[in-house]
Amino acid sequence: MLAADFIVLSDTANFDTGIPALTYQLRGICTIDVTVQTIAQPVHSGMWGGPVPDPVQVMCTLIAGLQGKKGEIDVPGLYKQVSKTPAKQLQRIRKLPFSETKFKREARMMKGMKLAGEKGFSVYEQLWTRPSLTVIAFDARPIKGSSNQIIDHVTARLSLRTVPNMDARAAGKAIVKKLHREAALRREGDGRDRGLDSVVDDRPEGPAFEAARRALKDGYGKETAMIGAGGSIGFVGPFADLLGGAPCILMGVEDPLCNAHSENESLHLGDWVKSMKSAIHMYDELSRVPTKKNR
């Protein structure tokens, strides 16, 4: 009973403030909770410090060991699943302008900090076409209320972003397997390790995309950039599959300074107005696109 000719989602980013974009690739995600426990209960750091392993230091060593010398994720077999980026997609990416100074400023990087990531790949390639691993939470003893103790355990939450051809759950298991080889772990059983695969449209072309580009140009007055996204939107892939590969028109009003998922998340009011104008044009344009029923 569920049927549609197009999927239109307003949850992605513009290429820049005032420059509209259509997103044709999303990374997948796998979230893993890992707990290291070295002793049955906290003990006095003066009486036991040295020979008794500190779980925080063990965890930090384990996490650091997940990054290779070239910035890659150092997990055996992980990159066997990573597909080679098609030449046409690389061409699209490399046509997009990039300023390292502007990127650092928009990312709120502190003065003196250098860009990280996998060597041999541009920033956009890293964000859109390569897997990445971050520590999104670290649970140890708070500074307030701390004392001279070696604490008994520590938990970290790891977030792996996956790309086309990667099975997110399998990739997460590969990380856990390496960590288990390095140390005896006690994993949290809260169901947080889950997988969501990447979504990509290798050919973001055709009548629907052409209609969308026209609509965004009418609303913004500028040509539309074709981009990927480093994040994940869980229902896009399942809906596209359920609807027989219906074109996914992913657009939105995010801009580099919107602080998504951070303090003072905001919206550029000028782009908001332009996006509303674009939406009006979008639905008018899509209503004229030939569909399966009326071809």
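Trainee: Would you mind going over helix α2 (residues 55-64) in detail, with residue names and values included?
Mentor: Turning to α2, its buried residues are P55, M59 and L62. On an axial view of α2, the arc spanned by its buried residues comes to 60 degrees, and they lie on one face. Away from the buried face of α2 by more than 90 degrees, exposed residues Q57, T61 and A64 are located. Looking at the packing, one finds that the buried side of α2 touches β3 (28-37), β5 (132-139), β6 (149-150), β7 (153-162) and α6 (168-182). The N-cap residue of α2 is D54: its side-chain oxygen and the backbone nitrogen of V56 are 3.0 Å apart.

Trainee: So what's going on with the nonpolar core? Residues and values would help.
Mentor: By size, the foremost hydrophobic cluster in this structure holds 24 residues, and its most contacted members are F15, L22, L96, I227, I249, M282 and L286. Elements with a minimum of two residues in this core: β2 (21-26), α5 (123-129), α7 (207-220), β10 (225-229), β11 (248-251) and α9 (269-287). Here this core takes seven residues from α7, the largest share from any one element. The residues touching I227, leaving out its near neighbours within four places in the chain, are A13, F15, A21, L22, T23, Y24, Q25, L96 and W128. In terms of nonpolar packing, the next biggest core, distinct from the first, is built from 22 residues, V36, V75, A171 and I175 among them.

Trainee: Any details on unusual backbone geometry? Residues and values, ideally.
Mentor: A positive phi angle is found at H261, which is not glycine, with a value near 65 degrees. By secondary structure assignment, the location of H261 is in the loop between β11 and α9. Judged by its relative accessible area of 83%, H261 is exposed. Phi at N264 is positive, roughly 55 degrees, even though this residue is not glycine. Following the sequence through the fold, N264 ends up in the loop between β11 and α9.

Trainee: Tell me about the packing of α7 against α9, and name the residues and values.
Mentor: Two elements in contact, α7 and α9, have axes whose closest approach is 7 Å; the angle formed by their N-to-C orientations is 145 degrees. Here α7 and α9 pass one another in a crossing that is right-handed. Every residue of α9 that contacts α7 at A208, A211, A212, R214, A215, L216, D218, G219 and Y220 is listed here: D271, K274, S275, K277, S278, H281, M282, E285 and L286. Split into classes, the residues belonging to the contact of α7 with α9 amount to eight nonpolar, four polar and six charged.

Trainee: Can you tell me about empty space enclosed by the protein, naming the residues and giving the values?
Mentor: Inspection of every chain in the model, using the stated rule, returns one cavity of 30 Å³ or more. Approximately 30 Å³ is the volume attributed to the largest cavity. Lining of the largest cavity is provided by V34, M59, L62, I63, L66, A156, L158 and L179. Broken down by secondary-structure element, the contributors of at least two residues to the lining of the largest cavity are α2 and β7. Looking at the lining of the largest cavity element by element, the count peaks at three residues for α2. Partitioning the lining of the largest cavity into residue classes produces eight nonpolar, no polar and no charged.

Rules of the game
- Residues numbered from 1 in each chain as written.
- Predicted model: local features only at pLDDT ≥ 70, side-chain atom pairs only at ≥ 80, totals over all residues.
- Heavy atoms only, no water.
- Buried < 20%, exposed > 50% of the residue type's maximum accessible area, 1.4 Å probe, protein only.
- Helix = DSSP H or I, 4+ residues; strand = E, 2+ residues; numbered from the N terminus.
- Arc of directions from axis to C-beta.
- Contact = heavy atoms within 4.5 Å.
- Polar contact = N/O pair within 3.5 Å; in protein donor to acceptor, adjacent residues only side chain to side chain.
- Core = buried A, V, L, I, M, F, W, Y, C linked by side-chain atoms within 4.5 Å.
- Axes fitted to C-alpha atoms, helices over the stretch in contact; angles between N-to-C directions.
- Left-handed = near helix turned anticlockwise from the far one by under 90°.
- Nonpolar A, V, L, I, M, F, W, Y, C, P; charged D, E, K, R; others polar.
- 1 Å grid on protein atoms, 1.4 Å probe; cavity = no way out; pocket = protein on both sides within 12 Å on 5 of 7 lines; lining within 4 Å.
- Points joined across faces, edges and corners; volume = space filled by probe spheres on them.

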